[in-house]
Amino acid sequence: MRVGYGSAGGGGLGPESLTGEPVWLDLFERWLAEGVARAIPEPNAMVVATVDAAGVPATRTVLCKAVDDRGIVFYTNHDSDKGRHLATQPVASATFPWIAMERQVHFRGPVVQIERAETQAYWASRPRGSQLGALASTQSHPIASRADLEAQARAVADRFGGVDGDEPVPLPDNWGGYRIQPTTVEFWQGGADRLHDRVRVVRDPDTGVWDARRLQP
Ligand SMILES: Cc1cc2nc3c(=O)[nH]c(=O)nc-3n(C[C@H](O)[C@H](O)[C@H](O)COP(=O)(O)O)c2cc1C
Ligand SMILES: Cc1ncc(COP(=O)(O)O)c(C=O)c1O
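Residues numbered from 1 in each chain as written. Chains lettered and ligands numbered in written order. Predicted model: local features only at pLDDT ≥ 70, side-chain atom pairs only at ≥ 80, totals over all residues.

As paired elements, strand S1 (residues 45-51) and strand S2 (residues 57-68) share seven bridges and run antiparallel to each other. Its bridge partner lying in S2, Val51 is registered against Pro57. Hairpin remark: S1 followed by S2, antiparallel, with five residues in the connecting loop; positive phi at Gly55, about 85°. When S2 meets strand S3 (residues 71-77), the two strands line up antiparallel, connected through four bridges. Across the sheet, residue Ala66 finds its bridge partner in S3, namely Val73. Where S2 hands over to S3, the hairpin turn is made up of two residues, counted between the paired strands. (Pairing = 2+ DSSP bridges. Helix = DSSP H or I, 4+ residues; strand = E, 2+ residues; numbered from the N terminus.)

Printed below as a string of structure tokens:
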């Protein structure tokens, strides 16, 4: 398995590619929009790393559901492994592995829970099946069998008038959004002979000013 890069029509990535405020936002939104336009699978999927109380990292894929100058948002169960990690170590790294575009973007920074009203608005936009699924699953906790999980799902659906009912499914207390507030964002574009373009932007914690540097590949 050996694939060369630099032929995807990207190119031209350098510190000067980053414009606007905060400097990472415009380019990130442009690359994400390109992923959507090219119909790559799940362009908003990102691999999020958290660390447990002992400092051991864990990764998993989640969907990025909002991006703005404050950072990137995903939704999950607060009692999941990642939720428990974030309760004690509120930091994360997230990678968008846009391999079909020969690109990736990394974010690193502190993590906060988003406003409850924002979670509520997102919850209301989710399909009923996803709402019921969230209620039915005590995420990251063991269960004896698939049959038990399906029984839990049926019991939850019955509580709210059935899968196809119209009784509203309430937002569970243990489900909500997290925002990664980036202090470092790195853009990577594949190049020929492994001479890729990398630009890392770092936010000065005192001044809030972003500094963009080219890194060796
Ligand atoms: C493409 C994809 C998207 C996913 N999106 C989410 C998501 O947005 N939120 C979520 O809680 N889990 C999502 N998952 C499931 C997670 O990867 C993970 O299995 C789950 O959140 C439990 O992780 P944890 O035990 O590390 O907390 C997704 C999985 C895949 C493969
Ligand atoms: C367990 C879980 N929660 C939340 C999500 C986010 O998806 P949705 O678009 O339903 O909010 C996913 C997506 O795969 C998921 O698997």
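Sites flagged by UniProt as "domain: Pyridoxine 5'-phosphate oxidase dimerisation C-terminal" (unreviewed entry) map to residues 175-217. Between the end C-alpha atoms of residues 175-217 the distance is 39 Å, and the span holds 0% helix and 58% strand. (UniProt positions renumbered as here; feature names shortened; annotations may be inferred.)

Take the site of ligand 1 next. Neighbouring ligand 1 are 16 residues, the closest being Thr76, Ser80, Asp81, Lys82 and Ser140. Contributions of two or more residues to the shell around ligand 1 are made by S2, S3 and helix H2 (81-88). Grouping the constituent residues of the shell around ligand 1 by class yields six nonpolar, six polar and four charged. (Near = placed C-beta within 6 Å. Nonpolar A, V, L, I, M, F, W, Y, C, P; charged D, E, K, R; others polar.)

Next up on the list: the pairing of strand S4 (residues 91-98). Side chains Ala92, Ala94, Phe96 and Trp98 of S4 all project onto a buried face; the interleaved residues Val91, Ser93, Thr95 and Pro97 project onto a face where none is buried. As paired elements, S1 and S4 share three bridges and run antiparallel to each other. Bridge pairing in S4 places Ala49 opposite Ser93. Two strands pair when backbone bridges link them, and S4 and strand S5 (residues 103-113) are joined in this way by eight bridges, in the antiparallel orientation. Across the sheet, Trp98 pairs through a bridge with Arg103, a residue of S5. (Buried ≥ 20, exposed ≤ 12 C-beta atoms within 10 Å, placed from the backbone.)

Moving on: the UniProt feature "binding site: substrate" (unreviewed entry) in the chain. The sites that carry the UniProt feature "binding site: substrate" (unreviewed entry) are, in the present numbering, Lys65, Tyr122, Arg126, Ser130, Arg194, Leu195 and His196. Maximum C-alpha separation among the annotated residues is 42.7 Å over a sequence range of 132 residues, too wide for a single clustered spot. Within the element layout of this structure, Arg126 appears in the loop between helix H3 (116-125) and helix H4 (128-136). Looking at the secondary structure, you find His196 in the loop between strand S7 (184-189) and strand S8 (197-203). The residues contacting His196, other than those within four sequence positions of it, are Tyr5, Trp188, Gln189, Gly190, Gly191 and Pro217. (Contact = placed C-beta atoms within 7 Å.)

So, about H4. Along H4, the positions that sit buried rather than exposed are Gln131, Leu132, Ala134 and Leu135. The buried side chains of H4 occupy one side of the element, clustering within an arc of 155° when seen end-on. Where the residues of H4 are buried, they touch S3, H3, helix H5 (146-159) and strand S6 (175-180). (Arc of directions from axis to C-beta.)

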